[in-house]
Amino acid sequence: MSIVEFENVTRIYTSGEHELKALDNVSFTLDEGKFVVILGPSGAGKSTLLNMLGGLDSPNEGTITVNGRDISTLSDNELADYRAATVGFVFQFYNLIPTLTVYENVELVSQIAPDALDAKQMIAEVGLTDHLHNFPAELSGGEQQRISIARALAKNPKILLCDEPTGALDSETGVMVLKLLLSMAKNYGKTIVIVTHNQSIAKMADTVIRVKNGKIREIINQDNPFSADEVEW
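Keep in mind the model is a prediction, meaning the values are calculated, not measured. (Residues numbered from 1 in each chain as written. Predicted model: local features only at pLDDT ≥ 70, side-chain atom pairs only at ≥ 80, totals over all residues. Heavy atoms only, no water.)

A. Quick look at the environment of V36. Structurally, V36 can be placed in strand β3 (residues 35-39). The residues touching V36, leaving out its near neighbours within four places in the chain, are L30, I192, V193, I194, T207 and I209. (Helix = DSSP H or I, 4+ residues; strand = E, 2+ residues; numbered from the N terminus. Contact = heavy atoms within 4.5 Å.)

Here you go:
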């Protein structure tokens, strides 16, 4: 069953007389509960696509339907509600609040998400219960990324959006984070969308969308994707 549909989506950014067509008539669907990788070089339009799906940006043309709702016409307030209830974000550089403890960083989402999960449970799921009262600066990069995943999942979103989630990690820690994302998606039935230029991550995906110069060049559905242990990093 599809949870996301982009139909003829175009996004143009203007600066003075200059126009940049970041997305050019893009169409695709994503099925619920799948691991999706959006793959392409820098400047291909990957992050723009992710921002559209996350309700952080809107198209100039076309429609974006998520869970049966057209989000391309929503007001700013409606988009804020959509982000709070439907999507979770995991970024390359964690975006944890340095003055809050691990527990406080994760528990914070309960103030904005209508169906938030228990913060301590999510921290336990990523294996960091012993660090509840630590601050982000006291954690390794891999531990901070695991907390950012716990925070995103604590919102109980239908879709988890990940922008280069292993880009700041060494390969061993990156594999651990990817395993965690996959297991959490399976355990909690989330749709995961990862934006990356890393070809190895694409081997693990149910669906790979290749993007270049704002256009979709190829969509590949993989019946038997690799596990993280099978991929050569």
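Once you've had a look at it, read on.
B. Examining unusual backbone geometry more closely. If you check the backbone angles, N8 has positive phi at about 55 degrees while not being a glycine. With respect to the element layout, N8 can be found in strand β1 (residues 2-15). The phi angle at N213 is positive, at roughly 55 degrees, despite the residue not being glycine. Relative to the elements of secondary structure, N213 occurs in the loop between β9 (207-212) and β10 (215-221).

C. Region of interest: the sheet that holds strand β8 (residues 191-196). Taken in spatial order, the six strands of this open sheet run β6-β7-β8-β3-β9-β10, and their pairing is mixed. The sheet terminates laterally at β6 (87-90) and β10, the two strands that pair on one side only. The sheet shows a mean angle of 20 degrees between the axes of neighbouring strands, direction not considered. One ladder, built from five bridges, connects strand β7 (residues 159-163) with β8; its direction is parallel. Along β8, the bridge assignment pairs L160 with I192. Contacting β6 and β7, helix α2 (residues 76-86) crosses the sheet at an angle of about 75 degrees to β6. (Pairing = 2+ DSSP bridges. Axes fitted to C-alpha atoms, helices over the stretch in contact; angles between N-to-C directions.)

D. Region of the structure containing the pattern of salt bridges. Enumeration over the complete set of coordinates arrives at four salt bridges. D57 is the salt-bridge partner of R11, the closest N and O atoms lying 3.1 Å from each other. Placement of the pair is R11 in strand β1 and D57 in the loop between α1 (46-53) and β4 (61-66), with a sequence separation of 46 residues. Residue R11 shares its accessibility class with D57, and that shared class is buried. Put simply, K215 and D24 hold a salt bridge, and the shortest N to O gap is 2.9 Å. With K215 in strand β10 and D24 in strand β2 (residues 18-31), this residue pair connects regions lying 191 residues apart in the sequence. Taking the relative accessible area as the measure of exposure, K215 reaches 33% and is therefore partly exposed. Salt bridges sharing common partners tie together K21, D24 and K215. (Salt bridge = Lys/Arg side-chain N within 4 Å of Asp/Glu carboxyl O. Buried < 20%, exposed > 50% of the residue type's maximum accessible area, 1.4 Å probe, protein only.)

E. Molecular detail of the nonpolar core. Residues I147, L181 and I194 are the most contacted members of the largest nonpolar core, which totals 38 residues. Breaking this core down by element, the ones donating at least two residues are β3, α3 (102-107), α4 (119-125), α5 (141-154), β7, α6 (171-188), β8 and α7 (199-202). Counting 29 residues, the second largest nonpolar core, distinct from the first, contains I38, I64, I71 and V87. (Core = buried A, V, L, I, M, F, W, Y, C linked by side-chain atoms within 4.5 Å.)

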